[in-house]
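Report on the structure
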Amino acid sequence: MSSQKAVPAIKKKVDSPFKWKGEVPRFSRFREGGPGRPLSLLILAIIGLLLILGGNSLMESKGITSSGPALILFGFCVLGFVMIWVFIKTLLRKRDVTFIVDSKGVAIRPSPQQRKLDKWLFWASMFQFWMTWRGGIWTPWVPVTRWKEVRRVEYDDEAREILVRGGEWDIRLMCTAENYEAVREAVKIGAGLCE
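Structural notes, computed from the coordinates. Throughout this document, residue positions are counted from 1 along each chain, in the order its sequence is written. Residue-level local features of this predicted model are given only where pLDDT is at least 70; pairs of side-chain atoms are given and counted only at 80 or more, and the full residue set underlies all totals for whole chains, interfaces and linings. Heavy atoms from the whole structure form the basis of all side-chain values; hydrogens and water molecules are not counted.

Here we come to the packing of aromatic side chains. What counts as a ring pair is set by centres within 6.5 Å for rings of Phe, Tyr and Trp (its six-membered ring), and what kind of pair is set by the plane angle: stacked under 30 degrees, edge-to-face over 60, tilted for all other angles. Scanning the entire structure with this criterion turns up one aromatic pair. Sitting over the face of the ring of Tyr155, Arg184 holds its NZ or CZ atom 4.0 Å from the ring centroid. As a reminder, the over-ring test applies to NZ of lysine and CZ of arginine, requiring each to be within 6 Å of the ring centre and within 35 degrees of the ring normal.

Nonpolar cores are built from buried Ala, Val, Leu, Ile, Met, Phe, Trp, Tyr and Cys residues. Side-chain atoms within 4.5 Å join them into one set. Relative accessibility under 20% of the residue-type maximum defines a buried residue, over 50% an exposed one, and the middle range a partly exposed one, all with a 1.4 Å probe and only protein chains included. Val101, Val153, Ile162, Leu173, Val183 and Val187 are the most contacted members of the largest nonpolar core, which totals 24 residues. Looking at which element gives the most residues to this core, the answer is helix α4 (residues 180-191), with five residues. The residues touching Val183, leaving out its near neighbours within four places in the chain, are Phe18, Trp20, Val101, Ile162, Leu173 and Cys175. Labels follow the DSSP assignment, with helices taken as runs of H or I lasting at least four residues and strands as runs of E lasting at least two, numbered in each case from the N terminus. Contacts: residue pairs with any heavy atoms within 4.5 Å of one another.

Let's shift gears to the sheet that holds strand β3 (residues 96-101). A strand pair is defined by DSSP finding two or more bridges across the two strands. Taking strand neighbours across the sheet as the criterion, the four strands line up as β2-β3-β4-β5 in an open arrangement whose pairing is antiparallel. On the outer flanks of this sheet lie β2 (18-23) and β5 (144-146), each paired with one strand and no other. The average undirected angle you get between the axes of adjacent strands in this sheet is 20°. Where β3 lies against strand β4 (residues 105-110), five bridges are found, and the strand directions are antiparallel. Every axis in this analysis is a line fitted to C-alpha atoms, fitted for helices over the stretch in contact. Angles between the N-to-C directions lie between 0 and 180 degrees.

See the structure below:
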């Protein structure tokens, strides 16, 4: 995998926009909108289990007045977070997307089904907030990175993937065999990586 740092001074405009359909990976990094890689999820689950076991051990040795109950509660919260996050991001999330490279930057547009799900989850989280005055509001996953925000671009020629780092999201473009070279050149132009 090769990478290049963006050079803001020589950025140019991308003349012809690219738009193609594809799928995002089921398990991707948090910064790419996924639940995390399987290894990081496993480590979080192990941490949750260790907290529960440690809390249980403290309760057995020092009683209920120890910090054992708090550790158990925290461990269950960690495990619950992992399970809910994986459920939402792997089972509920639709993986079909549209990749976009144009004069503004790089973007991923979720499928119409995903946009409906995001709207439903937004209203469900709002209802929970109104009922309990706790919790956050669901924000839809619509990653966009403008050219001026690009810090680094990484290329994987074998997998035909281009990872654009910068802005709020890291965007992984899953290119096709037909468009990889052209998209790579457009990203180089937009990010200011041309000589």
